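Architecture and fold: a report
Spelled out from the first residue to the last, the chains are:
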Amino acid sequence: MTTTDGAMPVNRAGTAMLLGTAIALALAALNPVQAQAAPQAVPHVAAAQTGPSAYIAQPESMFRAGVARVLQTTANLNLRAAPSTSGKKLKVVPKGTRLTVTATRSGWSQVRHAGQTGWVSSTYLRSIPKAVKQGDLGKTTARLTLRQKASTASKALATVPKGGIYAVKKVSGGHAQITSRGKSGWIQGKHLKIVAKKPGREIYIDQKYTSNRAGLTDRYWTKVSGGDLYESVNGKKRIGDIPRNSVVYRDMKMEKTAGSVKGWIFVRTQGMSGWMKTSQLARTSTASTKPKKYSARQVLAQKNGRVPEKMLVAIPWDKEKTLIAAPALKDLNRLNAAFKKKFGRNLDVDLAYRTRATQDAYWVELGPYVAARPGTSNHGWGTAIDVPETYDYSFRGKYYKWLKANSKKYNWVHRKILEEGSPYAEAWHFDYVGR
């Protein structure tokens, strides 16, 4: 059995040092079992750079003296008679054991286990998460397997992503029943962190990130410059520079799950989800649908993601009135006319202009293989469009194949770096290269 004290070896001769709240204590030599390196999964341990086996243990969170607190071990720990690695080893406390801490001293916690009182390293103690109950909203803390029954041996139905928030329908034997991607099943409840029971919470949307509408139909447009999208009501701002006349879709289902709040609605916009104030929204778009006398050169001279609203126009045949750079509209209209003649329908546009804050949010959430580095995307100048990620627009689809072969006639191109086989492959993205 591997055990640890949390005091890490400084050299192979056996000298050790433990950092407390700013006091370093000289400790006695460790035996070979005690000198084993801490498991990688244990938090708050960082390797030092001064020796072959040098480590530094971070000090524990302190609490008021005389107040007992129940914590859980994150490793097999030595229970010692004194708060030091030189203290007599009384027994081994197994990983996952709940202990009542009655005092702390320089990185050690006094506890009672199996009838004996002693000291264990505070580094490997953590707070005990509250168990979820029926009706709670739980946020997944890891990637989980959705199972048919409340058992780890039951048939696997799907994978539940980390960071999702789900309503708990039932609880049984440490498992919670949820619905993910339309499938109802069971996951381990210990990996669900309870979301505070108040309305207007952050909700995970299980949809492809490029889908702006995500199957929604209740449409609004922003009526202010610099509209705001929040992760939760009055919470952290996700995007704070959404331009006037940007399309917004209300998601009533998620809004009810999160808890409705007067004056706020839960929406999907800019390809992302969150909360917006109703005071910033209107039922109609007032954006111009006529090309203006701006050149591509003038637009590209603007800061990426901060193109003035006067240089943006709405796509006239698009129900969402998606905003795009004014000089790109004329050629996009020509491309659409040819597309409609071929297929008998308008070209579908999912996203076009993106603000800098939107690009920043994409970069954080999606990473470099999906999102362009903020400040470099042609979306930031309104000179790019994304079409939907449906089969017909995929690399195998008839719409993509036609666009790939014909769009350049109208000053729109699908770049080679985005072709199938590239790590940056995107069938849906087309750039404007006109003047």
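To be clear, the structure that these remarks concern was listed above.
None of these values were measured; they are calculated from a predicted model.

This part is about the sheet that holds strand 20 (residues 192–194). Strand order across the open sheet formed by three strands is 16-13-20, with antiparallel pairing between neighbours. Since the sheet does not close on itself, it has two edges, and those belong to strand 16 (165–167) and strand 20, each with one partner. Averaged over neighbouring strand pairs, the angle between their axes works out to 40° when direction is ignored. In the sheet, strand 13 (residues 137–140) pairs with strand 16 via three bridges, with the strands oriented antiparallel. Counterpart to lysine 139 in the pairing with strand 16 is isoleucine 165.

Buried residues of helix 5 (residues 398–406): Tyr399, Tyr400, Trp402, Leu403 and Asn406, and no others. Looking straight down helix 5, one finds its buried side chains confined to an arc of 165°; they lie on one side. Buried residues belonging to helix 5 abut helix 3 (326–343) and strand 32 (429–432).

Buried residues dominate strand 18 (residues 175–180), accounting for five of its six residues. Pairing of strand 17 (residues 170–172) with strand 18, which is carried by three bridges, proceeds in the antiparallel orientation. The residue bridging lysine 170 from the neighbouring strand is glutamine 177, located in strand 18. Hairpin connection, strand 17 to strand 18: the antiparallel pair is bridged by two residues, and glycine 173 has positive phi, about 50°.

Once that is clear, we can look at empty space enclosed by the protein. For the structure shown, the criterion picks out one cavity of 30 Å³ or more. Quantified by volume, the largest cavity comes out at close to 150 Å³. Taken together, 14 residues form the lining of the largest cavity, with Ser246, Gln270, Thr322, Leu323 and Tyr353 sitting closest to its centre. Of the residues in the lining of the largest cavity, the class split is six nonpolar, six polar and two charged.

Another point: the packing of aromatic side chains. By the definition in use, this model includes 10 aromatic pairs. With a centroid separation of 5.3 Å and 75° between ring planes, the pair formed by phenylalanine 266 and tryptophan 275 is classed as edge-to-face. According to the relative accessible area criterion, tryptophan 275 is buried, its value standing at 0%. Residues phenylalanine 395 and tyrosine 400 carry aromatic rings whose centres are separated by 5.2 Å and whose planes lie at 80° to one another, so their mutual orientation is edge-to-face. Tyrosine 400 matches phenylalanine 395 in its accessibility class, with the two residues each being buried. The rings of Phe339, Phe343, Tyr393, Tyr399 and Trp402 are connected pair by pair, giving a single aromatic cluster.

Next up on the list: the packing of helix 3 against helix 5. The interhelical angle for the contact between helix 3 and helix 5, taken along N-to-C directions, is 135°, at an axis separation of 12 Å. With respect to each other, helix 3 and helix 5 are oriented oblique. When you trace helix 3 past helix 5, the crossing you get is right-handed. Residue-level inspection shows Leu335, Ala338, Phe339, Lys342 and Phe343 of helix 3 in contact with helix 5, the latter providing Lys398, Tyr399, Trp402 and Leu403. In terms of residue class, the contact of helix 3 with helix 5 is made up of seven nonpolar, no polar and two charged.

So, how was this worked out
Residues numbered from 1 in each chain as written. Predicted model: local features only at pLDDT ≥ 70, side-chain atom pairs only at ≥ 80, totals over all residues. Heavy atoms only, no water. Pairing = 2+ DSSP bridges. Helix = DSSP H or I, 4+ residues; strand = E, 2+ residues; numbered from the N terminus. Axes fitted to C-alpha atoms, helices over the stretch in contact; angles between N-to-C directions. Buried < 20%, exposed > 50% of the residue type's maximum accessible area, 1.4 Å probe, protein only. Arc of directions from axis to C-beta. Contact = heavy atoms within 4.5 Å. 1 Å grid on protein atoms, 1.4 Å probe; cavity = no way out; pocket = protein on both sides within 12 Å on 5 of 7 lines; lining within 4 Å. Points joined across faces, edges and corners; volume = space filled by probe spheres on them. Nonpolar A, V, L, I, M, F, W, Y, C, P; charged D, E, K, R; others polar. Phe/Tyr/Trp six-rings, centres within 6.5 Å; stacked < 30°, edge-to-face > 60°. Parallel < 35°, antiparallel > 145°, perpendicular 65-115°, else oblique. Left-handed = near helix turned anticlockwise from the far one by under 90°.

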